[in-house]
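Now for the letters of each chain:
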Amino acid sequence: MTQTSQRPLRVLAAMSGGVDSAVAAARAAEAGHDVTGVHLALSANPQSFRTGARGCCTIEDSRDARRAADVIGIPFYVWDLAERFREDVVEDFVAEYEAGRTPNPCLRCNEKIKFAALLDKALALGFDAVCTGHYATVVLGDDGNRELHRASDMAKDQSYVLGVLDERQLAHAMFPLGDTLTTKDEIRAEAERRNLAVAKKPDSHDICFIADGDTQGFLAGRLGGTAEGDILDESGTKLGTHEGAFGFTIGQRKGLRIGHPAADGKPRYVLDISPVNNTVTVGPVEALDVTALTAIRPRWCGTPPAGPGAYTAQLRAHGGETEVTAELLDGTLHVAFAEPVRGVAPGQAVVLYDGTRVVGSATIATTVRSTEAAVS
């Protein structure tokens, strides 16, 4: 297989205001493509978002992106996708937590905004591809179809959050940083050589639409304030109270405020969240071991797999790989782990890999724990 064609293209470079997207746009222009920069305005009131460089939705970020485009020498525009972002990302995020699931808003943004709303608009305007600063690679397979692969540098690989892209979207995706075996410091050094002012700008790690980083406070405001509920152990015994089940995630250890230790003296972790009766169940870390899961809404980076197969799976954006067998049955993906894994929560994405190739992604619906298997 080979890298996708490098013939000159009309490229729309999504510029967040950070160093990665700026260098990606610069590389695309340097490669001879006809590049136009665009910054996505994702908030109807960007002044309410955090200041500084921790997110990607601030007025400062749009100005940083514009300055970078000026230095690169490419046209630049700001496109207002705030309403689409609110509906497809923010409201989805709130609804998932309300249902007791743990969503990944960055993955949803890639699916619904950058490679759906943005790409559709770009194609309608005559552009050939959308360029971003993600660390991943698109290659042309032996069958003529495009494939998504991990970045050359696993330490920076971001293919997990791109696992929702289908073959059509991959045909119009460009990731100039994906095949670069360089450290982030070297990317920053390149930005400095190119006189890009974002060279030393910190990376964003927070959820961009939560102004102060207080996810629980944000959810409380959206879901009608606090609603006291019970914290239970595995037998159903009440251990304490909480101020809203939406404030917890599977595998959480800190902030439980139970008030007294377990009989064995070991810490307890969140095992289950029930939004119906507003309860949170806690237990020992061993009870988090998951041996299998089902996942819904599968999206394939190419042809869907036929029959059961052996793959590796990634369950978190910065998590490692684990060996699995997986099979698609009646639209539901069934995954079994070779060894138990921990911290798997409904709402998260499971991304399947065949070597470095991304096979596809699906949203975790249910899990089977080691303790459940033992009982059955």
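Residues numbered from 1 in each chain as written. Predicted model: local features only at pLDDT ≥ 70, side-chain atom pairs only at ≥ 80, totals over all residues. Heavy atoms only, no water.

Visitor: Hey, could you run me through the sheet that holds strand 9 (residues 229-232) in this one?
Guide: Backbone hydrogen bonds are what pair the strands of a sheet, in a parallel or an antiparallel way. Across the sheet, 4 strands lie side by side as 10-9-12-11; this open sheet has mixed pairing. Every interior strand has two partners, whereas the edge strands, strand 10 (238-242) and strand 11 (269-274), have only one. Neighbouring strand axes in the sheet, compared pairwise and without regard to direction, differ in orientation by 25° on average. Examined bridge by bridge, strand 9 and strand 12 (residues 279-283) share 2 bridges and lie parallel to one another. Note that in strand 12 the partner of Ile-231 across the bridge is Val-280. (Pairing = 2+ DSSP bridges. Helix = DSSP H or I, 4+ residues; strand = E, 2+ residues; numbered from the N terminus. Axes fitted to C-alpha atoms, helices over the stretch in contact; angles between N-to-C directions.)

Visitor: I'm lost on the nonpolar core in this one. Help?
Guide: Core analysis: the largest hydrophobic core is formed by 46 residues, its most contacted members being Phe-85, Leu-148, Phe-175 and Phe-209. When residues of this core are traced back to their parent elements, those giving at least two are strand 2 (10-14), strand 3 (34-41), helix 3 (82-98), helix 4 (105-124), strand 6 (136-140), helix 7 (215-222) and strand 17 (349-354). Tallying contributions element by element places helix 4 first for this core, with 8 residues. Among residues more than four places away in sequence, those in contact with Phe-85 are Leu-42, Val-90, Cys-109, Ile-113, Cys-208 and Phe-209. With 27 residues, the next largest nonpolar core counts Leu-9, Val-11, Ala-25 and Ala-28 among its residues. (Core = buried A, V, L, I, M, F, W, Y, C linked by side-chain atoms within 4.5 Å. Buried < 20%, exposed > 50% of the residue type's maximum accessible area, 1.4 Å probe, protein only. Contact = heavy atoms within 4.5 Å.)

Visitor: How should I be thinking about the UniProt feature "site: Interaction with tRNA" (unreviewed entry) in the chain in this particular structure?
Guide: Mapped onto the present numbering, the UniProt feature "site: Interaction with tRNA" (unreviewed entry) falls on His-134 and Gln-348. Inspection of the secondary structure assignment puts His-134 in the loop between strand 5 (129-131) and strand 6. If we ignore the near neighbours within four places in the chain, the residues touching His-134 are Asn-110, Lys-114, Gln-158, Val-161, Leu-162, Phe-175, Leu-177 and Gly-178. Engagement of the side chain of His-134 in a polar contact is seen with the side chain of Asn-110, the distance being 3.5 Å. When you line up the elements, Gln-348 lands in the loop between strand 16 (332-341) and strand 17. With a relative accessible area of 12%, Gln-348 lands in the buried category. Discounting residues that sit within four places of it in the chain, Gln-348 has contacts with Thr-102, Leu-315, Arg-316, Gly-343, Ala-362, Thr-363 and Ile-364. In terms of polar contacts, Gln-348 uses its side chain to reach the backbone amide nitrogen of Ala-345, at 2.9 Å. (UniProt positions renumbered as here; feature names shortened; annotations may be inferred. Polar contact = N/O pair within 3.5 Å; in protein donor to acceptor, adjacent residues only side chain to side chain.)

Visitor: Please clarify how the pattern of salt bridges should be interpreted in this entry.
Guide: Side-chain pairs of opposite charge can arise where the charged atoms are in close proximity. Counted by the stated rule, this structure contains 24 salt bridges. The salt bridge involving Glu-87 is made with Arg-86; its shortest N-O contact spans 3.8 Å. Between Lys-238 and Asp-230 there is a salt bridge, with the nearest N and O atoms lying 3.4 Å from each other. Linked by salt bridges that have partners in common, Asp-92, Arg-108, Glu-111, Asp-166 and Arg-299 make up one network. (Salt bridge = Lys/Arg side-chain N within 4 Å of Asp/Glu carboxyl O.)

Visitor: I keep staring at the domain arrangement of the chain and nothing clicks. Help me out?
Guide: Many structure descriptions define interface size as the accessible area lost when the parts assemble. By domain assignment, the chain separates into domain 1 (10-133 + 176-194) and domain 2 (226-283). Listed by partner, the interface residues are 5 residues for domain 1 and 6 residues for domain 2. When domain 1 packs against domain 2, the two sides together hide about 390 Å² of surface, and 64% of this comes from carbon and sulfur. When residues of domain 1 are sorted by the area they lose upon contact with domain 2, Tyr-97, Gly-100 and Thr-102 head the list and together hold 78% of the total. (Domains from an automatic or database assignment. Buried area = accessible area lost by both parts, 1.4 Å probe.)

Visitor: Where do I start with the packing of aromatic side chains in this structure?
Guide: Each pair of aromatic rings is reported with the distance of its centres and the angle of its planes. In this structure the tally under the stated criterion is 6 aromatic pairs. The aromatic ring of Trp-79 is capped on one face by Lys-121, whose charged end is 4.2 Å from the ring centroid. Sitting above the plane of the Tyr-353 ring, Arg-150 keeps its charged end 3.7 Å from the centroid. (Phe/Tyr/Trp six-rings, centres within 6.5 Å; stacked < 30°, edge-to-face > 60°. Lys NZ or Arg CZ within 6 Å of the ring centre and 35° of its normal.)

Visitor: For this particular structure, what's the right way to read helix 7?
Guide: Note on helix geometry: an α-helix contains 3.6 residues per turn, so any two residues three or four positions apart are oriented the same way. Within the sequence span of helix 7, burial applies to Phe-218, Leu-219 and Ala-220. Contacts made by the buried residues of helix 7 are with helix 3. Just past helix 7, the residue Gly-224 takes up positive phi, approximately 85°.

Visitor: What's the story with the sheet that holds strand 3 in this structure? I'm lost.
Guide: The sheet built from 5 strands is open, its strands ordered 4-3-2-5-8 with parallel pairing. In the strand order of this sheet, the two ends are held by strand 4 (76-80) and strand 8 (173-174), each with one partner. Pairing analysis gives 3 bridges linking strand 2 to strand 5, with the strands arranged parallel. The partner of Leu-12 across the bridge, within strand 5, is Val-130. Sheet strands in contact with helix 4 are strand 2, strand 3, strand 4, strand 5 and strand 8, and its direction is about 135° off that of strand 5.

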